[in-house]
Amino acid sequence: MFSRFPRAFPPCTTGSSRRSFLQWVLLLLAGCGRRERLTCPGAHGTPPQGIIYTVTGPIQANDLGPALTHEHVVTDFLGAEKAPGPRYDPELAFQQILPHLHALRARGVQALFECTPQYIGRDVRLLRRLAQHSGLRIITNTGYYGAVGCRYLPRHAFEETADQLAKRWLQEWLQSIEGTSIRPGFIKLGTDRGPLSPLHEKLLRAAARVHLQSGLTICAHTADGVAAFDQIRILHAEGVHADAFVWAHAQNGSDEERVRAARLGAWISLDGYNLRAGTPEHYVRMLLHLKQAGCWHRVLVSHDDGWAVEGEQLRQAVIKPFHNGNPVPYTAVCTRLQPDLLAAGVTARELDQLLRTNPARAFAIRVRAL
Ligand SMILES: [Zn+2]
């Protein structure tokens, strides 16, 4: 049923289909220090190919529409396995969140990648109901959140091998999530600062093996640039091209690291956009730097907004918006970032690429092997 597509984008430098590890290291070391402009992988103007699995079924990637690629609906950091299911009233949560999704659609956004993994609040039934009533395409995930010292990992993640973890995640892809008909549209991981621990490396290896079977893109919460390059290296060792990797929270890295990762083929996700003093200007500056480096077509933007379950109660808990600088969830990219970028000389066509073409290409389901 799921075709195995060839790697969609050629390597930066050569036409060879298989790059040796030494070549890869040399490319990694080359980075921004080179004076000549390196071209980031991915031809400009290539229509997105492949499919994307939303919580209401598959769509052609080309039909995705403008998308926010790193948001949350509800997160719950009570701790892995402490709560068997959602601690909030699903009806209240639905009523509270739905108007924001209608508003998002009214602004022209058509898709939202929901980056909450299992064990920190993923609720695919709520996502599907919200998608059905709002018309917004919502994409959920498989994978585990190993950030914050692995405290949100289930017990079996410490004991099982990468292959055993991969089997669990593949099962969600092949047989759907939690007895629903909903499939994941990408793999979501969480890691800490680099160098990565052996446990985080195991999560990456498991994700790589799932990608090679499913074509699902790997999006990893990443604390710094060292961790990002560790992840790209581990994926390479598993035979997975960096094009299948989204460096989530790339705003935690430096300009030089972002350009270097983009030139290796990774997706650069600047996903903490908010209206705190200084942040809008900082994002415009980061984005213009990537544009000037020829990497505009490797960049994603989003807010990392959503709601969180508050308190320790197992029942009747309430959800509240994150207090991360956006008083109204999901809107600041439309209301502030887009006009700021236009004022800074970014064209309407480039904005369309940033918000529509890039997300579709980043998350299109295709095996991207070396
Ligand atoms: Zn997030």
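Above this text is the structure in question.
A short tour of the structure in this document, coming up.

Cut-offs and rules
Note on numbering: residues in each chain are counted from 1, in written sequence order. Owing to the predicted nature of the model, reporting of local features is limited to residues with pLDDT of at least 70; listing and counting of side-chain atom pairs is limited to 80 or more, with chain, interface and lining totals taken over all residues. With hydrogens and water excluded, all non-hydrogen atoms of the structure serve as input to the side-chain values. Convention adopted: a line fitted to C-alpha atoms gives each axis, helices being fitted over their contacting stretch, and angles between N-to-C directions are expressed from 0 to 180 degrees. We count a stretch as a helix when DSSP gives it H or I for four or more residues in a row; a strand needs E for two or more, and each element gets its number in order from the N terminus. Throughout, the term roughly parallel applies to angles under 35 degrees, roughly antiparallel to angles over 145, roughly perpendicular to angles from 65 to 115, and oblique to all others. Rotating anticlockwise by less than a right angle from the far helix to the near helix defines a left-handed crossing, while the corresponding clockwise rotation defines a right-handed one. In what follows, residue pairs with any heavy atoms lying within 4.5 Å of each other are defined as contacts. We call Asp, Glu, Lys and Arg charged. Ala, Val, Leu, Ile, Met, Phe, Trp, Tyr, Cys and Pro are nonpolar, and the rest, Gly among them, are polar. We treat two strands as partners when DSSP finds at least two bridges between them. Metal donors: N, O and S atoms at distances within 2.8 Å, or within 3.2 Å for Na, K and Ca, with water omitted from the atom set so that some sites may seem incomplete. The classification of residues rests on relative accessible area computed with a 1.4 Å probe and restricted to protein chains. Under 20% of the type maximum is buried, over 50% is exposed, and intermediate values are partly exposed. The definition used for a disulfide is geometric: two cysteine sulfur atoms within 2.5 Å. We count a salt bridge whenever a side-chain nitrogen from Lys or Arg sits within 4 Å of a carboxyl oxygen from Asp or Glu.

**Observations regarding the packing of helix H5 (residues 162–175) against helix H6 (residues 198–214)**
Okay, step 1: Interaxial distance between H5 and H6 falls to 8 Å at its minimum, and their mutual angle equals 45°. On the basis of the axis angle, H5 is oblique to H6. In this structure, H5 meets H6 at a crossing whose hand is right-handed. Each of Ala162, Asp163, Leu165, Ala166, Trp169, Leu170 and Trp173 in H5 lies in contact with H6, whose residues at this interface are Lys202, Leu203, Arg205, Ala206, Ala207, Arg209, Val210, Gln213 and Ser214.
Okay, step 2: Class assignment for the residues of the contact of H5 with H6 results in 10 nonpolar, 2 polar and 4 charged.

**Some details on the sheet that holds strand E10 (residues 245–248)**
Okay, step 1: The parallel open sheet is built from 6 strands, whose spatial order is E7-E8-E9-E10-E11-E12. Sheet topology places strand E7 (141–142) and strand E12 (299–301) at the edges, where each strand pairs with a single neighbour.
Okay, step 2: Relative to strand E9 (residues 218–221), strand E8 (residues 186–190) runs parallel, the two being bridged by 4 bridges. Residue pairing across strands places Gly190 opposite His221, the latter belonging to E9.
Okay, step 3: Sitting on the sheet, helix H9 (residues 279–292) touches strand E11 (267–270) and E12, and the angle it makes with E11 is about 165°.

**Brief notes about the coordination of the zinc ion**
Okay, step 1: On the protein side, the zinc ion has His70 (NE2), His72 (NE2) and Asp304 (OD) as donor atoms, found 2.1 to 2.2 Å from it.
Okay, step 2: For the zinc ion, the single-chain donor residues occur in sequence as H-x1-H-x231-D. Taken as a pair, His72 in the loop between strand E3 (67–71) and strand E4 (74–75) and Asp304 in the loop between E12 and strand E13 (307–310) lie far apart in primary sequence, 232 residues in all. Residues His72 and Asp304 agree in their burial class; the two are buried.

**What to know about the state of the cysteines**
Okay, step 1: Counted according to the given criterion, the structure contains 0 disulfides.
Okay, step 2: Unpaired in this structure, Cys115 has its nearest cysteine sulfur neighbour in Cys219, at a distance of 4.6 Å.
Okay, step 3: Note on Cys115: relative accessible area 0%, which makes it buried.

**Some points on the pattern of salt bridges**
Okay, step 1: Scanning all chains against the criterion turns up 22 salt bridges.
Okay, step 2: Here Glu160 ties to Arg168 by a salt bridge, and the two come within 2.7 Å at their closest N and O atoms.
Okay, step 3: A relative accessible area of 34% means that Arg168 is categorised as partly exposed.
Okay, step 4: When the shortest N-O distance is used, the salt bridge between Lys320 and Glu310 registers 3.7 Å. Here Lys320 is found in strand E14 (residues 318–321), whereas its partner Glu310 is found in strand E13, with 10 residues between them in sequence.
Okay, step 5: Judged by relative accessible area, which is 38%, Lys320 ranks as partly exposed.
Okay, step 6: Judged by relative accessible area, Glu310 falls into the partly exposed class, the value being 34%.
Okay, step 7: Through salt bridges that share partners, Asp163, Glu201, Arg205, Arg209 and Glu238 make up one connected network.

**Structural notes on the pairing of E13**
Okay, step 1: Summarising the sheet, E4 and E13 pair through 2 bridges and their orientation is parallel. Each bridged residue has a counterpart across the sheet, and for Thr75 the counterpart in E13 is Ala308.
Okay, step 2: Both E13 and E14 contribute to a ladder of 4 bridges, which runs antiparallel. Following the sheet pairing, Ala308 is matched in E14 by Lys320.

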